[in-house]
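Spelled out, the chains give:
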Number of protein chains: 2
Amino acid sequence: MQIFSEETITSADKTFFQLRSDIVEGLIPSGSKLSETELSTKYAVSRAVVREAINRLASSHLVERKSNIGARVVALSADGLVQLYQVRESLEGMAARLAAANMTDDEIDELNQLLNRQFQEVKDGKSYYQEAGDLDFHYRIIVGSKNDHLISMLLNGIYHLVRMYRVQLGMAGPRVTTAFDEHKHIVQAISNRDQELAEMLMRRHILYSKNNIEKKLSSISTERKA
Amino acid sequence: MQIFSEETITSADKTFFQLRSDIVEGLIPSGSKLSETELSTKYAVSRAVVREAINRLASSHLVERKSNIGARVVALSADGLVQLYQVRESLEGMAARLAAANMTDDEIDELNQLLNRQFQEVKDGKSYYQEAGDLDFHYRIIVGSKNDHLISMLLNGIYHLVRMYRVQLGMAGPRVTTAFDEHKHIVQAISNRDQELAEMLMRRHILYSKNNIEKKLSSISTERKA
DNA sequence: CCAAACCAAAGTGTCGACAATATAGTCGCA
DNA sequence: TGCGACTATATTGTCGACACTTTGGTTTGG
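Draft legend 1. Representation of the overall build of chain A. Along its length, chain A carries nine helices and three strands. Taken across its 226 residues, chain A has 46% of its residues classed as buried. Contacts in chain A between residues at least 24 apart in sequence constitute 77% of all its contacts with a sequence separation of at least 6. A total accessible area of about 11,700 Å² is found for chain A, and carbon and sulfur atoms account for 52% of it.

Draft legend 2. The arrangement of the relation of the copies chain A and chain B in detail. Once chain A has been moved 0.0 Å along the axis and rotated by 180°, it coincides with chain B to within an RMSD of 0.0 Å. Taken together, these values place the two copies in the relation of a two-fold axis. Taken together, the interface assignments show that 100% of the residues at the interface of chain A recur at the interface of chain B, consistent with an identical surface on both copies.

Draft legend 3. Geometry of the protein's contact with DNA strand D. The environment of DNA strand D is made up of 22 residues, and the closest members are Ser11(A), Ser46(A), Arg47(B), Arg51(B) and Asn68(B). Backbone atoms, meaning sugar and phosphate, form 70% of the atoms of DNA strand D found within 4 Å of the protein. At 3.5 Å from a phosphate oxygen of DNA strand D is found a main-chain nitrogen or oxygen belonging to Leu34(B). The contact in question runs from a phosphate oxygen of DNA strand D to an N or O atom on the backbone of Asn68(B), over 3.0 Å. Taken together, the elements giving at least two residues each to the surface near DNA strand D come down to α1 (11–24) and α3 (47–59) of chain A together with β1 (33–34), α2 (36–43) and α3 (47–59) of chain B. Tallying contributions element by element places α3(A) first for the surface near DNA strand D, with three residues. Looking at side-chain class alone, the surface near DNA strand D contains six nonpolar, ten polar and six charged residues.

Draft legend 4. Spotlight on the protein's contact with DNA strand C. Neighbouring DNA strand C are 22 residues; Arg47(A), Arg51(A), Asn68(A), Ser11(B) and Ser46(B) lie closest to it. The sugar-phosphate share of atoms of DNA strand C within 4 Å of the protein amounts to 70%. One of the side-chain nitrogen or oxygen atoms of Arg47(A) is found 2.7 Å away from a base nitrogen of DNA strand C. One of the backbone nitrogen or oxygen atoms of Asn68(A) is found 3.0 Å away from a phosphate oxygen of DNA strand C. Broken down by secondary-structure element, the contributors of at least two residues to the surface near DNA strand C are β1 (33–34), α2 (36–42) and α3 of chain A together with α1 (11–24) and α3 of chain B. Per-element tally for the surface near DNA strand C: the top contributor is α3(B), with three residues. Its residues assigned to classes, the surface near DNA strand C shows six nonpolar, ten polar and six charged.

Draft legend 5. Quick peek at the pattern of salt bridges. This structure, assessed with the given rule, holds 32 salt bridges over all chains. For Asp13(A), the salt bridge goes to Arg56(A), with nearest N and O atoms at 2.9 Å. A residue pair is termed long-range when its members are at least 10 positions apart, and Asp13(A) in helix α1 and Arg56(A) in helix α3 qualify at 43 residues. One salt-bridge network, in which partners are shared between bridges, spans Asp13(A), Glu52(A), Arg56(A), Glu36(B), Arg47(B), Arg51(B) and Arg65(B).

Draft legend 6. Layout of the sheet that holds strand β2 (residues 63–66) of chain A. Residues and elements named next belong to chain A. Taken in spatial order, the three strands make up an open sheet running β1-β3-β2, and their pairing is antiparallel. Of all the strands in the sheet, just β1 and β2 have a single pairing partner and so form its edges. Each of β1, β2 and β3 (70–73) is contacted by α3, which is oriented at about 115° to β2, the strand it contacts most.

Draft legend 7. The interface of chain A and chain B, seen in detail. Residue-level contacts link 30 residues of chain A with 30 residues of chain B. Contact with chain B buries area across many residues of chain A, yet Gln83(A), His149(A) and Met153(A) alone supply 21% of it, more than any other trio. The interface formed by chain A and chain B holds two salt bridges in total. Salt-bridge contacts for Arg51(B) lead to Glu52(A); the nearest nitrogen and oxygen are separated by 3.4 Å. Our count for the chain A to chain B interface comes out at 18 residue pairs in polar contact (both at pLDDT 80 or more). Among the secondary structure elements, those contributing two or more residues to the side of chain A that touches chain B are α3, α4 (78–102) and α7 (148–168) of chain A. When grouped by side-chain class, the residues that make up the side of chain A that touches chain B number nine nonpolar, 13 polar and eight charged.

Draft legend 8. Representation of unusual backbone geometry. Even without being glycine, Asn68(A) reaches a positive phi, approximately 70°. As for its placement among the helices and strands, Asn68(A) is situated in the loop between β2 and β3. Relative accessible area serves as the criterion here: at 72%, Asn68(A) is assigned to the exposed category. The phi dihedral of Ala44(B) is positive, around 60°, even though this residue is not glycine. On the secondary structure map, Ala44(B) appears in the loop between α2 and α3. Assessed through its relative accessible area of 66%, Ala44(B) is described here as exposed.

Draft legend 9. Spatial organisation of the packing of α1(B) against α3(B). Residue and element names in this part refer to chain B. In the contact formed by α1 and α3, the axes pass within 8 Å of each other and the chain directions differ by 50°. When the interaxial angle is binned, α1 and α3 end up oblique. Read as a crossing pair, α1 and α3 show a hand that is right-handed. Along its contact with α1, which presents Ser11, Ala12, Asp13, Thr15, Phe16, Leu19, Arg20 and Ile23, the element α3 presents Val49, Glu52, Ala53, Ile54, Arg56 and Leu57. A class-by-class count of the residues in the contact of α1 with α3 yields eight nonpolar, two polar and four charged.

Draft legend 10. Looking closely at the nonpolar core. If you look at the biggest cluster of nonpolar residues, it comprises 122 residues, and the most contacted ones within it are Leu34(A), Ile141(A), Ile190(A), Leu34(B), Ile141(B) and Ile190(B). With residues up to four places along the chain from it excluded, the contact list for Ile190(A) reads Ala96(A), Ala99(A), Ala100(A), Met103(A), Ile108(A), Ile141(A) and Ala198(A).

Conventions we followed
Residues numbered from 1 in each chain as written. Chains lettered and ligands numbered in written order. Predicted model: local features only at pLDDT ≥ 70, side-chain atom pairs only at ≥ 80, totals over all residues. Heavy atoms only, no water. Helix = DSSP H or I, 4+ residues; strand = E, 2+ residues; numbered from the N terminus. Buried < 20%, exposed > 50% of the residue type's maximum accessible area, 1.4 Å probe, protein only. Contact = heavy atoms within 4.5 Å. Areas by Shrake-Rupley, 256 points an atom, 1.4 Å probe, with all protein chains shown as cover. Least-squares fit on C-alpha atoms with pLDDT ≥ 70 in both. Near = heavy atom within 4 Å. Polar contact = N/O pair within 3.5 Å; in protein donor to acceptor, adjacent residues only side chain to side chain. Nonpolar A, V, L, I, M, F, W, Y, C, P; charged D, E, K, R; others polar. Salt bridge = Lys/Arg side-chain N within 4 Å of Asp/Glu carboxyl O. Pairing = 2+ DSSP bridges. Axes fitted to C-alpha atoms, helices over the stretch in contact; angles between N-to-C directions. Buried area = accessible area lost by both parts, 1.4 Å probe. Parallel < 35°, antiparallel > 145°, perpendicular 65-115°, else oblique. Left-handed = near helix turned anticlockwise from the far one by under 90°. Core = buried A, V, L, I, M, F, W, Y, C linked by side-chain atoms within 4.5 Å.

Structure, rendered in structure tokens:
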């Protein structure tokens, strides 16, 4: 596999991926400080590559850096979540619209097949559908937009933050089957090349998703008070 | 001035700003290669800071970097312009909508005053309105959205690319007065807290702007053929 | 006892040198 | 002559050391 290797992977790349994963998964807690020297010993690389990795994380909005002071993992907040989903709604809505215009028939076929496979899994009960499937679905539509800026902003920037919120708020919950139906309708709209509808359905889909995760977040903060 | 100094400015910062400016203004031609060693002697800093600056430029989509090969300034193209304005339309439309919801009355007042000043300048003929005023207008609305992700994506990412297209295509042309009217209507919508209208007018404003610049681009490419 | 200046420890910013990789030109061979 | 392997060169990737800034605690003067 991976016929086109292209682009060799540097040490800084690996450190960046590792760090990003550790942050998203919560191994490095949100709000904590990232010490360059400490991380360089931990990952057994020079401080320079850790620095580069941290800079990239800052570009992805996963950490905040202040000169001469250091970098901290972003703090999750209700307000941050709202802002994040505002832009996500707008950008992914746009992605769906462009996808309806620009995806090839083959790509749309594959999208349909993906959904069918997931439907089987859901029916067979062995469904931990959840993350993997959902991500794959959104991923294909984003890429299908064929707009490089959009793709980059979503995949390099926003998406890992979204995952970070989901993971750290423990989103293993419900909303599996209903999300599946929403996905199906979106793909139908794309199949029909109905740009308007695709955008609207995607925006709504993300809005529901926000409400769902927001509810979880408020229930947690009330738990804390109790 | 600058009461809150906050955030000391490092050598890498200065190099980044300098490089970005040189690229946007065309002093470093689009498509050309950026040699780390060469630039480090040119700007009299170490290769490390040039590297960091280039990495940031890559995050801003002003250069493209490939590992072990180097970085090139992005090439301007008709397709790239279309993609850029697609996301700009969506994001700034969203900014206008959020601004109508989130700007304070004072901020809206200042926006109105800005427009009045510009109107005077236009009337007095001394108007090279063009860039400065237009940028200031859009800037305030973007910031007025109060959405950090949106602000960052537009101001750090997209805007310099937009300017690069404008500068290098020689946009000193017309469309001054008409753009002014469009600005006025957008501010009116924001004043009325009409989110829907503000978004729609902004999207349309940017669409016109795209058509204008696109026309210029095609006229240049036909010139070349002749 | 408090406040301001000072000092020391820790961490980030910058640098020059070395290692690894890509590129272009040369040589040899069919 | 044309093609492929090899070598030399230039450029990027990585490293450890040094310079500067921040921070927290200590001392000193009121």
